[in-house]
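Architecture and fold: a report
As a plain string of letters, each chain reads:
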Amino acid sequence: RKEVEQDPGPFNVPEGATVAFNCTYSNSASQSFFWYRQDCRKEPKLLMSVYSSGNEDGRFTAQLNRASQYISLLIRDSKLSDSATYLCVVNRKGGSQGNLIFGKGTKLSVKP
Amino acid sequence: DVKVTQSSRYLVKRTGEKVFLECVQDMDHENMFWYRQDPGLGLRLIYFSYDVKMKEKGDIPEGYSVSREKKERFSLILESASTNQTSMYLCASSLGQLLEKLFFGSGTQLSVL
């Protein structure tokens, strides 16, 4: 299994749709998980951290499944402005030390 | 708001040239990173630093070196640029141990001819 794996997409959805992305990771000792968003020709920016209990920020919900080693991102009521590439990020080593591994990203395109 | 500034947005160099990419952050962050981003390959870590004068290799350090003489500045050096180093280079910084939030610069698109 690759360290961090994502479906590259693209996911083409209409405005208002609900869309979900999954990301799998290989290191069972990883403890830090994040979703970053990257707009075309821009730098990545943190969208949200992913906690064991799951967390929600407005239309965005992130979940962690340690047993199956995947994290997910759910976007409800998609907006045109949600069009971007979503990067799954996991820390390589156990605990907070060590560096972050980026998935290759899932491209989302929201259409009118 | 944290600002990570990369010295050039676009850079064109010739094969064999020594290239310096500069990155400065203004929030007293401990950690600084250099990534490159290529289509289909995603972001790959080249080098990172947890402290002044400290550096650690990332996943693809070959052909690169770094310098961190001051806390706010992290330089990436291509000793002898090659065409396969044509890429988008992204500098990032973060505070403390958790590596929770990386702040990225806007990137330098380097073309080596």
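Up top is the structure these notes are about.
These remarks concern the structure in this document. Because the structure is a prediction, the values reported are computed rather than measured. (Residues numbered from 1 in each chain as written. Chains lettered and ligands numbered in written order. Predicted model: local features only at pLDDT ≥ 70, side-chain atom pairs only at ≥ 80, totals over all residues. Heavy atoms only, no water.)

Some thoughts on the nonpolar core
Definition in use: Remark: nonpolar core denotes a set of buried residues (Ala, Val, Leu, Ile, Met, Phe, Trp, Tyr, Cys) joined through side-chain atoms within 4.5 Å. Throughout, exposure labels follow a simple rule: accessible area from a 1.4 Å probe, protein chains only, divided by the maximum for the residue type, with under 20% read as buried, over 50% as exposed, and the rest as partly exposed. Helix and strand labels come from DSSP, where a helix needs a run of H or I of at least four residues and a strand needs a run of E of at least two; each type is numbered from the N terminus. By definition, residues are in contact when any of their heavy atoms lie within 4.5 Å.
By size, the foremost hydrophobic cluster in this structure holds 24 residues, and its most contacted members are Phe21, Trp35, Ile71, Leu73, Ile75, Tyr86 and Leu108 of chain A. Broken down by secondary-structure element, the contributors of at least two residues to this core are strand E3 (19-25), strand E4 (33-38), strand E7 (60-65), strand E8 (70-75), strand E9 (84-91) and strand E11 (106-111) of chain A. With residues up to four places along the chain from it excluded, the contact list for Leu73 of chain A reads Val19, Ala20, Phe21, Trp35, Leu47, Met48, Phe60, Thr61 and Tyr86 of chain A. Counting residues in each nonpolar core, the second largest holds 21 residues, with Trp34, Tyr47, Phe103 and Val112 of chain B among its members.

A look at unusual backbone geometry
Residue and element names in this part refer to chain A. In this structure, the amide linkage connecting Gly9 to the following residue, Pro10, adopts the cis form with an omega of 10°. Note on placement: Pro10 falls in the loop between strand E1 (4-6) and strand E2 (11-14). Residues other than glycine seldom take positive phi values, yet Gln69 does so here, at roughly 55°. Assignment of secondary structure puts Gln69 in the loop between E7 and E8. Classification of Gln69 by relative accessible area gives buried; the value is 15%.

Concerning the interface of chain B and chain A
For clarity, the threshold we go by: Once two parts are brought into contact, the accessible area they lose, counted with a 1.4 Å probe and summed over both, makes up the buried area. A side-chain nitrogen of Lys or Arg and a carboxyl oxygen of Asp or Glu constitute a salt bridge if their distance falls within 4 Å. For the purposes of these results, a polar contact is taken to be a pair of N or O atoms within 3.5 Å, where, inside protein, one atom must be able to donate a hydrogen and its partner to accept one; residues adjacent in sequence count only when each atom of the pair is a side-chain atom. Any residue outside Ala, Val, Leu, Ile, Met, Phe, Trp, Tyr, Cys, Pro, Asp, Glu, Lys and Arg is labelled polar, Gly included; the first ten of those are nonpolar and the last four are charged.
Taken residue by residue, the interface counts 21 residues in chain B and 19 residues in chain A. Summed over both partners, the interface of chain B with chain A buries about 1,700 Å², with 51% contributed by carbon and sulfur atoms. At the surface where chain B touches chain A, the tally comes to zero salt bridges. Across the contact surface, chain B and chain A share four residue pairs in polar contact (both at pLDDT 80 or more). For the side of chain B that touches chain A, the elements supplying multiple residues, two or more each, are strand E5 (31-38) and strand E6 (42-49) of chain B. Element by element, the count of residues in the side of chain B that touches chain A is highest for E6 of chain B, at four residues. Classifying every residue of the side of chain B that touches chain A gives 11 nonpolar, six polar and four charged.

Concerning the state of the cysteines
Residue and element names in this part refer to chain A. For clarity, the cut-off: A pair of cysteine sulfur atoms is labelled a disulfide when the two atoms are within 2.5 Å.
One pass over the structure, following the stated rule, counts two disulfides over all chains. Here Cys23 engages in a disulfide with Cys88; their sulfurs sit 1.9 Å apart. On the sign convention where negative is left-handed, the bridge of Cys23 and Cys88, at about -70° about the S-S bond, is left-handed. On the criterion of sequence distance, the pair formed by Cys23 in strand E3 and Cys88 in strand E9 is long-range, its members being 65 residues apart.

Topic: the packing of aromatic side chains
As a reminder, the rule being used: Between the rings of Phe, Tyr and Trp (Trp by its six-membered ring), a pair exists once the centres lie within 6.5 Å; its type follows the angle of the planes, with under 30 degrees stacked, over 60 edge-to-face, and the other angles tilted.
Under the criterion given, the structure shown has 12 aromatic pairs over all chains. Aromatic side chains Phe33 of chain B and Phe48 of chain B sit 6.0 Å apart centroid to centroid with 20° between the ring planes, which places their arrangement in the stacked category. Note that Phe33 of chain B is positioned in strand E5 and Phe48 of chain B in strand E6, a separation of 15 residues in sequence. Given the relative accessible area of 1%, Phe33 of chain B is considered buried. Residue class for Phe48 of chain B comes out buried when judged on its relative accessible area of 3%. Three or more aromatic residues link up through ring pairs in this structure, and these residues are Tyr36 and Phe102 of chain A together with Phe33, Tyr35, Phe48, Tyr50 and Phe104 of chain B.

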